[in-house]
Amino acid sequence: NTVMNEDAWRREKNDVYWLGRLPLAKFENKFNGFEDYEFKFIKNEEEFNQNKEGIIKGFKEFKKDIPNWGLSTDIDNILQKLKEGNNLQVAFHNGVAVQWNWFFVNEININDHDNWDYNFKIPPNSTYSAWWWCDPKYRFKRHFMMAFANFVYSVSYNEGFEYDYFYCDGWNNNSRSMLSI
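Keep in mind that what you see is a predicted model, and the values were worked out from it rather than measured.

**As for the environment of D164**
Point 1. Note on placement: D164 falls in strand β11 (residues 163–169).
Point 2. Along the sequence, D164 and S129 sit 35 residues apart, while their C-alpha atoms lie 6.5 Å from each other.
Point 3. The residues touching D164, leaving out its near neighbours within four places in the chain, are G20, R21, L22, L24, F103, T127, Y128, S129 and Y153.
Point 4. Of the polar contacts made by the side chain of D164, one reaches the side chain of S129; its length is 2.5 Å.

So this is what it looks like as structure tokens:
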């Protein structure tokens, strides 16, 4: 099946997941109306340390919002992911991380669900994006999600990546509609 030119649906028991490949060339690095936000592309330990205080403040909000999610906010784990060539893209407002997304390269194990794991090699010049989070106070701020998507995808493209692979849960209509533009 194809949804808005994106492939494909995967069914596991009663759950449905949408897998897709998004071309990054169509995104523009523009933030109309969000000039008071800082958007950062964090590729290494030095860049992480420059933004560490705001990221840790964001992690505290994340843990209040989703206390039982298995996403590691352990600093050593994050630094290891960065050393492996992955990058963390973050939106800051008033010095606090209010949204982030990981972009993985090389290989990934999708193990976000109890009933399936999926291991795959990420093609060259491509990423796999995962673990998006947005502070609830910003989640429905008009056009904020698209401003962040424009940032993460245009910066990834400027860094030499052509495609982003992703999946989202079938019930998550907001994510599906945003990623099918």
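**Section: the side chain of Q89**
Point 1. On the secondary structure map, Q89 appears in strand β6 (residues 87–93).
Point 2. The exposure class assigned to Q89 is buried, which follows from its relative accessible area of 0%.
Point 3. At a separation of 3.2 Å, a polar atom in the side chain of Q89 contacts the side chain of N87.
Point 4. One polar contact links Q89 to S156, side chain to side chain, over a distance of 3.0 Å.
Point 5. In contact with Q89, not counting residues within four places along its chain, are K40, F41, Q99, W100, N101, F103, F148, F151, V152, V155 and S156.

**Observations regarding the environment of A130**
Point 1. With respect to the helices and strands, A130 occurs in strand β10 (residues 126–134).
Point 2. Separated by 36 residues in the primary sequence, A130 and F166 have C-alpha atoms spaced 6.9 Å apart.
Point 3. Residues in contact with A130, not counting those within four places in the same chain, are N101, W102 and F104.

**Describing the confidence of the model for the chain**
Point 1. For the chain, mean pLDDT is 80; residues scoring 70 or higher make up 77% of the total.
Point 2. Looking at the elements of the chain, mean pLDDT is at its lowest for strand β1 (residues 2–3), recorded as 42, and at its highest for helix α1 (residues 45–65), recorded as 94.
Point 3. The low-confidence segment residues 1–6 (pLDDT under 50) makes 14 contacts with residues lying over four places distant or belonging to another chain.

**Considerations on the side chain of T127**
Point 1. Here T127 lies in strand β10.
Point 2. The class for T127 is buried, based on a relative accessible area of 0%.
Point 3. With residues up to four places along the chain from it excluded, the contact list for T127 reads F103, F104, V105, I122, F161, Y163, D164 and Y165.

**Examining the packing of aromatic side chains**
Point 1. A complete count under the given rule lists 16 aromatic pairs for this structure.
Point 2. Between W102 and F104, the ring centres sit 5.8 Å apart and the planes meet at 20°, which makes this aromatic pair stacked. Each member of the pair W102 and F104 is classed as buried.
Point 3. Ring geometry for F103 and Y153: centres 6.0 Å apart, planes at 85°, overall edge-to-face. Here F103, found in strand β7 (residues 96–104), pairs with Y153, found in helix α4 (residues 144–158); they are 50 residues apart in sequence, far enough to count as distant.

**Looking at unusual backbone geometry**
Point 1. The phi dihedral of N94 falls on the positive side, at around 55°, and the residue is not glycine.
Point 2. Along the chain, N94 turns up in the loop between β6 and β7.
Point 3. The class for N94 is exposed, based on a relative accessible area of 65%.
Point 4. Phi at W131 takes a positive value of approximately 60°, unusual for a residue other than glycine.

Conventions used here
Residues numbered from 1 in each chain as written. Predicted model: local features only at pLDDT ≥ 70, side-chain atom pairs only at ≥ 80, totals over all residues. Heavy atoms only, no water. Helix = DSSP H or I, 4+ residues; strand = E, 2+ residues; numbered from the N terminus. Contact = heavy atoms within 4.5 Å. Polar contact = N/O pair within 3.5 Å; in protein donor to acceptor, adjacent residues only side chain to side chain. Buried < 20%, exposed > 50% of the residue type's maximum accessible area, 1.4 Å probe, protein only. pLDDT = per-residue confidence, 0-100. Phe/Tyr/Trp six-rings, centres within 6.5 Å; stacked < 30°, edge-to-face > 60°.

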